[in-house]
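Residue-level structure breakdown
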Amino acid sequence: MAPNSTVVEEPVPQKESVKPEYKPKIVWFNVMLFVYLHASFFYGVYLGLTSASWKTALFAYIYGNLGGLGVTAGSHRLWSHRSYKAKWPLRFLLCCFASIAAQNDIYEWCRDHRVHHKFTETDADPHNIKRGFFFAHMGWLMCKKHPDVAKKGKTVFLEDLWADPIVRFHRRFYIPMSVFFCFVLPTMIPVWCWGETLWNAFFIAGMARYCFSLNITWLVNSAAHKYGDQPYDKYIEARENAFVAFFGHGEGWHNYHHVFPWDYSTSELGYTLNLTKVFIDFMALIGQAYDLKSAHPEMVKNRKLKTGDGTRMKQVDEHEQQLSCAQS
């Protein structure tokens with residue numbers, strides 16, 4: 001070795017830290033609860049076809065739609081996204097409607113939904129579609145949440161929700177309100193009004209209606225993230241799904257919603273399969289809803305051209321024609 005030579009030691013390769021694979025823990029109580037719930041649904045359908053009055057089935061459908069509006073116009077568009085503002089009578093009405101749906105109190109529902117939007121399609125997404133259709137539909141409620149959901153969920157802003165006394169009221173009295181509005185009232189109305197049996201009323205207007213409503217909401221998380229076009233952003237999983245839009249009061253126009261979450265109509269198609277928009281516009285007409293937010297048509301058109309999959313371009317062409325006519 002030369003007297004002035006320098007010995008250069010080769011760096012010892014470091015072992016990369018491997019993140020332990022996450023193994024979901026099944027909550028068996030919830031599993032058995034959902035098994036009973038769906039069994040009750042089919043039993044309720046059987047009773048409706050064999051022994052119950054048609055009035056009970058019709059009432060269950062109408063009552064379920066009121067609960068649906070509590071989720072779509074209330075927990076979702078009003079409180080989660082602040083896409084419009086509402087005076088306290090409307091907020092209280094939507095609080096009661098949300099109790100019919102019984103899908104957690106408004107504060108918790110909005111917290112999970114805001115986390116879903118901020119961290120969509122990651123481990124922090126409560127119903128991450130990339131973990132499979134069943135997981136996004138209802139499996140996420142049958143197991144403990146991924147640690148990232150709680151960890152990153154703490155970064156989501158929620159102070160505006162807690163500042164609303166209606167939200168605080170619903171969180172405090174959620175259990176008695178959901179028991180009354182979701183099960184007791186829909187069971188007793190058919191008994192009192194047209195002499196339905198208590199048994200039939202409970203399983204049709206109570207259990208079957210509740211199970212059906214839950215699955216409609218879950219389809220937004222599963223089917224509307226799996227099947228349909230992506231006119232506004234082809235790089236995300238959210239889709240435009242007319243089937244979900246029909247049963248979900250307009251929530252199936254989901255690709256649009258994920259791109260423009262502040263738009264109260266969640267769609268550029270007006271009232272097409274969008275009962276929630278009809279409801280909100282009516283409430284605005286009578287002065288209960290105000291400051292309705294919408295995405296500008298030019299912004300929607302540019303987003304279609306930039307990241308869309310090429311479907312639903314008719315509106316872009318019509319917009320161009322309107323501009324040409326206006327200029328000429």
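Computed from a predicted model, the values in this text were never measured in an experiment.

1. Observations regarding unusual backbone geometry
- Even without being glycine, Ala-102 reaches a positive phi, approximately 50°.
- With respect to the secondary-structure elements, Ala-102 resides in the loop between α3 (88-101) and α4 (106-118).
- Residue Ala-102 is classed as buried on the basis of its relative accessible area of 9%.
- In this structure, His-249 is a non-glycine residue whose phi angle is positive, near 60°.
- By secondary structure assignment, the location of His-249 is in the loop between α11 (242-247) and α12 (254-259).
- Classification of His-249 as buried rests on a relative accessible area of 6%.

2. A short note on the packing of aromatic side chains
- Scanning the entire structure with this criterion turns up 22 aromatic pairs.
- The interplanar angle of 75° and the centroid separation of 5.2 Å between the aromatic rings of Phe-41 and Phe-42 together place this pair among those described as edge-to-face.
- Here Phe-42 falls in the exposed class, since its relative accessible area comes to 57%.
- Among the aromatic side chains, those forming a connected cluster through ring pairs are Tyr-43, Tyr-46, Trp-199, Phe-202 and Phe-203.
- Residue placement shows Arg-131 over the ring face of Phe-135; its charged tip is 3.9 Å from the ring centre.

3. Focus: the environment of His-249
- For the pair formed by His-249 and Lys-277, sequence separation is 28 residues and the distance between their alpha carbons is 8.3 Å.
- If sequence neighbours within four positions are ignored, His-249 has contacts with Asn-65, Gly-68, Leu-69, Thr-72, Arg-77, Val-244, Leu-273, Asn-274, Leu-275 and Thr-276.

4. Looking at the environment of Asn-302
- Within the secondary structure, Asn-302 is located in helix α14 (residues 297-307).
- Separated by 70 residues in sequence, Asn-302 and Tyr-232 have C-alpha atoms that sit 9.0 Å apart.

5. Re the UniProt feature "transmembrane region" (unreviewed entry) in the protein
- The positions UniProt marks with the feature "transmembrane region" (unreviewed entry) are residues 26-46, 58-79, 173-192 and 198-220.
- Here residues 58-79 is 100% helix and 0% strand, with 30 Å between the C-alpha atoms at its ends.
- Structurally, residues 173-192 is divided into 95% helix and 0% strand, and its ends, taken at the C-alpha atoms, are 26 Å apart.

6. Here's the deal with the packing of α3 against helix α8 (residues 165-172)
- At a closest axis distance of 10 Å, the pairing of α3 and α8 adopts a crossing angle of 25°. Classified by the angle between their axes, α3 and α8 sit roughly parallel to one another. Remark: the crossing between α3 and α8 carries right-handed chirality. Where α3 approaches α8, its residues Arg-91, Phe-92, Cys-95, Ala-98 and Ser-99 are matched on the opposing element by Pro-165, Ile-166, Phe-169 and His-170.

7. Details of helix α10 (residues 198-221)
- Helix length check: α10, at 24 residues, gives a terminal C-alpha distance of 34 Å against a target of 34 Å (1.5 Å per residue), a fit within 8%.
- Of all the bends in α10, the largest measures some 30° and sits at Arg-209.
- Of all 24 residues making up α10, 20 are buried, and the element is well covered by its neighbours.

8. Comments concerning the side chain of Asp-105
- Positionally, Asp-105 belongs in the loop between α3 and α4.
- Within the structure, the side chain of Asp-105 is placed 3.1 Å from the backbone nitrogen of Glu-108, a separation counted as a polar contact.
- Not counting chain neighbours up to four residues away, the residues in contact with Asp-105 comprise His-170, Arg-171 and Tyr-174.

9. Some words on helix α1 (residues 28-50)
- Over its 23 residues, α1 extends 33 Å from the first C-alpha to the last, a length consistent with the 33 Å expected when each residue adds 1.5 Å.
- Listed in full, the buried residues belonging to α1 are Val-31, Phe-34, Leu-37, His-38, Ser-40, Gly-44 and Leu-47.
- Residues of α1 that are buried make contact with α10.

10. Observations concerning the environment of Gly-48
- Structurally, Gly-48 is set in helix α1.
- For Gly-48, a relative accessible area of 32% puts it in the partly exposed group.
- When the C-alpha atoms of Gly-48 and Ile-204 are compared, they prove to be 6.7 Å apart, with 156 residues separating the residues in sequence.

Criteria and thresholds
Residues numbered from 1 in each chain as written. Predicted model: local features only at pLDDT ≥ 70, side-chain atom pairs only at ≥ 80, totals over all residues. Heavy atoms only, no water. Helix = DSSP H or I, 4+ residues; strand = E, 2+ residues; numbered from the N terminus. Buried < 20%, exposed > 50% of the residue type's maximum accessible area, 1.4 Å probe, protein only. Phe/Tyr/Trp six-rings, centres within 6.5 Å; stacked < 30°, edge-to-face > 60°. Lys NZ or Arg CZ within 6 Å of the ring centre and 35° of its normal. Contact = heavy atoms within 4.5 Å. UniProt positions renumbered as here; feature names shortened; annotations may be inferred. Axes fitted to C-alpha atoms, helices over the stretch in contact; angles between N-to-C directions. Parallel < 35°, antiparallel > 145°, perpendicular 65-115°, else oblique. Left-handed = near helix turned anticlockwise from the far one by under 90°. Expected span 1.5 Å × (residues − 1). Bend = angle between axes of the 7 residues up to and from the residue. Polar contact = N/O pair within 3.5 Å; in protein donor to acceptor, adjacent residues only side chain to side chain.

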